[in-house]
Amino acid sequence: MGQIVSHGLRLGGRRESGNRDERLTAASIDASKGVMLRALTSSPAVQTAVSWILAKYMQFCAATKKWERRGREHLDICTQTEQGMVAAFWHSRIGLSFMGWDRKAPQTPTMLISRSREGDFIARFARNLAIAVVRGSSRNTRKTKQKGGMAAFRDMTRAIENNACMGLTIDGPRGPRQRASMGVIQLARTTRTPIMIFSWSVTHKKVFDSWDRFILPFPFGKGVVVWKPPIHVPADADDAEMETLRLELERRLNDATREADEAVGGPVIEPAPPRAARGS
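Everything numeric in this text was worked out from a predicted model, so none of it was measured.

1. Quick look at the packing of aromatic side chains
Then step 1. In total, this model carries three aromatic pairs according to the counting rule given.
Then step 2. Aromatic side chains Phe89 and Phe198 sit 5.4 Å apart centroid to centroid with 40° between the ring planes, which places their arrangement in the tilted category. Remark: Phe198 occurs in strand S6 (residues 195-202) and Phe89 occurs in strand S2 (residues 85-89); sequence separation between them is 109 residues.
Then step 3. Under the relative-accessibility criterion, Phe198 is labelled buried at 3%.
Then step 4. Judged by centre distance (6.3 Å) and plane angle (35°), the rings of Phe208 and Phe214 are tilted.
Then step 5. Classification of Phe208 as buried rests on a relative accessible area of 11%.

Dropping the structure here:
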C-alpha cells in the first residue's frame, strides 16, 4: 500500500533534456520531491488522514465491481475448521486483499506488516479496514535487532493460536516479485495450520512500473478472486520437503494470479526471475 503513496504522490518523472543545466535543475526538482514525499509520509497526521481516505477508496472500488469468485470451496475448507490459519498473497495485490476473505468466518483477519515507514502507513490502512496488525519481518526471522523478526514470528504464532487468519505478502517487502519466501512455510509448520492461497485482478486499473507491479484499482468494472487448494506443512517436514512445499505454494499462487489476470483481459503479471538466475 505504500506503493500507492509513493507513486500516487509523485509529481512527475525527470524531464529529458540535452542541456546540462536543465538536467541539473530537473535532478534538483526530483530530489526536492523526494524530500517532500518523505516529509509527508513520515507525518503521523498525514498518514492517518491519507490511510483513512485510501481505505474508503478501496472499499468503494470493491463495492462497485461485479465480482466473480473461483475456487471458493478452497477457502471454505480452511475457514470451516474454526481454527487459525495462514493466508498467502502477492505484494502487488495488497490493495484489495480483503476480497480474499469471508468476513463471516470465525477467524480474525490479521496482517504481518514490516517495521518501516511504508509499514507504518500500511498498518494504519489495515486498521481502517478492521484488520489486526502484527509488526515485523517474515523474510528474516534472525535479525531481531533490525526487524523484530523472531518477536514477530512469536506474535504471529500466538495470533494463529487465538484463531487469527494471518495474511502474508509472501514476496514482500522487497521481492523478487512473485517468488515465495520460506517464512510462510516455517510459520505453517510451527502452527500446524493450512496456508490459504488466493489472488485477484480487476478491469479498470493502473499497474505501476515498480518491482512488484503494484495494482491500483479504479471503481466499477469486473473483478475476479481465485482461490487454490491450501498447502499443509507436516510438523516433521525436513529442509528438502519444506523447499518442495515452498515451490508448490509459489506455483499455485502464480497460477491463481495468472488465472485472475487472464479472466479480466490482462495484462498478465509474470514473476521475476528466481534469485539464482537474476545475474545469469
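2. Observations regarding the packing of helix H3 (residues 44-64) against helix H5 (residues 117-128)
Then step 1. As a packed pair, H3 and H5 sit with axes 8 Å apart at the nearest point and diverge in direction by 50°. Classed by the angle they form, the pair H3 and H5 counts as oblique. The element H3 and its partner H5 pack so that their crossing is right-handed. Residues Pro44, Gln47, Thr48, Val50, Ser51, Trp52, Leu54, Ala55 and Met58 of H3 touch H5, and the partners they reach there are Arg117, Asp120, Phe121, Arg124, Phe125 and Asn128.
Then step 2. Classifying every residue of the contact of H3 with H5 gives eight nonpolar, four polar and three charged.

3. Remarks on the packing of helix H8 (residues 183-191) against helix H9 (residues 239-263)
Then step 1. Relative to each other, H8 and H9 sit at 115°, their axes nearing to 9 Å. Taken as a pair, H8 and H9 cross one another with a handedness that is right-handed. Facing H8, whose interface residues are Val184, Ile185, Gln186 and Arg189, H9 presents Met242, Leu245, Arg246 and Leu249.
Then step 2. By residue class, the composition of the contact of H8 with H9 is five nonpolar, one polar and two charged.

So, how was this worked out
Once a new chain begins, its residue numbering starts again from 1 and follows that chain's sequence as written. pLDDT decides what is reported in this predicted model: residues at 70 or higher carry local features, side-chain atom pairs at 80 or more are listed and counted, and totals for whole chains, interfaces and linings draw on all residues regardless. By convention in this description, side-chain values take in all heavy atoms of the structure and omit both hydrogens and water. Here a pair means two rings of Phe, Tyr or Trp (six-membered ring of Trp) with centres within 6.5 Å. Their orientation is stacked below 30 degrees between planes, edge-to-face above 60, and tilted elsewhere. The secondary structure listing takes helices from DSSP runs of H or I that are at least 4 residues long and strands from runs of E that are at least 2 residues long, numbered from the N terminus. Relative accessibility under 20% of the residue-type maximum defines a buried residue, over 50% an exposed one, and the middle range a partly exposed one, all with a 1.4 Å probe and only protein chains included. For helices, the fitted line uses only the C-alpha atoms of the stretch in contact; every axis is such a line through C-alpha atoms, and the angle between N-to-C directions lies from 0 to 180 degrees. These descriptions rest on fixed angle ranges, namely under 35 degrees for roughly parallel, over 145 for roughly antiparallel, 65 to 115 for roughly perpendicular, and the rest for oblique. In a left-handed crossing the near helix is turned counterclockwise from the far helix by less than a right angle, and in a right-handed crossing that turn is clockwise. Should any heavy atoms of two residues lie within 4.5 Å, those residues are counted as being in contact. Residues were grouped as follows: Ala, Val, Leu, Ile, Met, Phe, Trp, Tyr, Cys and Pro as nonpolar; Asp, Glu, Lys and Arg as charged; and all remaining residues, including Gly, as polar.

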